[in-house]
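Structural characterization, general
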Amino acid sequence: MDTPRPGKTRVTSVSLRTETLEAIRARAGKQGVSSYIEEAVQRQLQREAIDEYIAAAEAEHGAVDPAEVSEKAERVRAHHAARRDGATAADAA
């Protein structure tokens with residue numbers, strides 16, 4: 001048996017389309033349907049919390065400029081690429 005999940009659990013009934021349940025069973029494997037659904041719901045709750053955080057920040061500070069986000073993302077990618085290239089060069093020596 002797999003390691004139990006932390007925290008209390010409660011049995012509940014959830015209705016899913018047949019195709020959805022079949023897809024979950026096919027992907028869940030040993031993990032089990034309940035664990036698969038628990039993890040999926042936790043990810044969704046995190047996404048919603050992030051969306052709420054962003055909405056609150058934008059309400060206070062204004063909308064984020066997509067061009068600025070792209071520029072900063074490119075700087076992060078360039079930084080990581082430089083570190084990766086540096087590590088690769090050092091490993092090759």
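In short, a report on the structure. Just so you know, these numbers come straight off a predicted model, no measurement behind them. (Residues numbered from 1 in each chain as written. Predicted model: local features only at pLDDT ≥ 70, side-chain atom pairs only at ≥ 80, totals over all residues. Heavy atoms only, no water.)

Our next topic: the layout of surface pockets. Size it by volume and the largest pocket reaches roughly 440 Å³. Tallying contributions element by element places helix 2 (residues 33-61) first for the lining of the largest pocket, with five residues. Residue classes in the lining of the largest pocket are distributed as eight nonpolar, three polar and four charged. (1 Å grid on protein atoms, 1.4 Å probe; cavity = no way out; pocket = protein on both sides within 12 Å on 5 of 7 lines; lining within 4 Å. Points joined across faces, edges and corners; volume = space filled by probe spheres on them. Helix = DSSP H or I, 4+ residues; strand = E, 2+ residues; numbered from the N terminus. Nonpolar A, V, L, I, M, F, W, Y, C, P; charged D, E, K, R; others polar.)

This part is about the side chain of Ser35. Tracing the sequence through the fold places Ser35 in helix 2. Within the structure, the side chain of Ser35 is placed 3.4 Å from the backbone oxygen of Gln31, a separation counted as a polar contact. (Polar contact = N/O pair within 3.5 Å; in protein donor to acceptor, adjacent residues only side chain to side chain.)

Here we take up helix 2. Helix length check: helix 2 (29 residues) gives 42 Å between terminal C-alpha atoms against 42 Å at 1.5 Å per residue, within 8%. Positive phi shows up at Gly62, right after helix 2, with a value of about 95 degrees. (Expected span 1.5 Å × (residues − 1).)

Turning our eyes to something else, we now look at a nonpolar patch on the surface. A surface patch of nonpolar side chains, amounting to about 340 Å² of accessible area, comprises Ile50, Tyr53 and Ile54. Of note, Tyr53 is situated in helix 2. (Patch = residues over 30% accessible without salt bridge, like charges linked within 9 Å, V, L, I, M, F, W, Y side chains within 5 Å. Areas by Shrake-Rupley, 256 points an atom, 1.4 Å probe, with all protein chains shown as cover. Salt bridge = Lys/Arg side-chain N within 4 Å of Asp/Glu carboxyl O.)

Time to look at the packing of helix 1 (residues 18-28) against helix 2. Packing of helix 1 against helix 2 brings their axes to within 9 Å, and their N-to-C directions diverge by 100 degrees. For the element pair helix 1 / helix 2, the angle class is roughly perpendicular. Side by side, helix 1 and helix 2 meet where Leu21, Ile24, Arg25, Arg27 and Ala28 of the first sit next to Val33, Tyr36 and Ile37 of the second. (Axes fitted to C-alpha atoms, helices over the stretch in contact; angles between N-to-C directions. Parallel < 35°, antiparallel > 145°, perpendicular 65-115°, else oblique. Contact = heavy atoms within 4.5 Å.)

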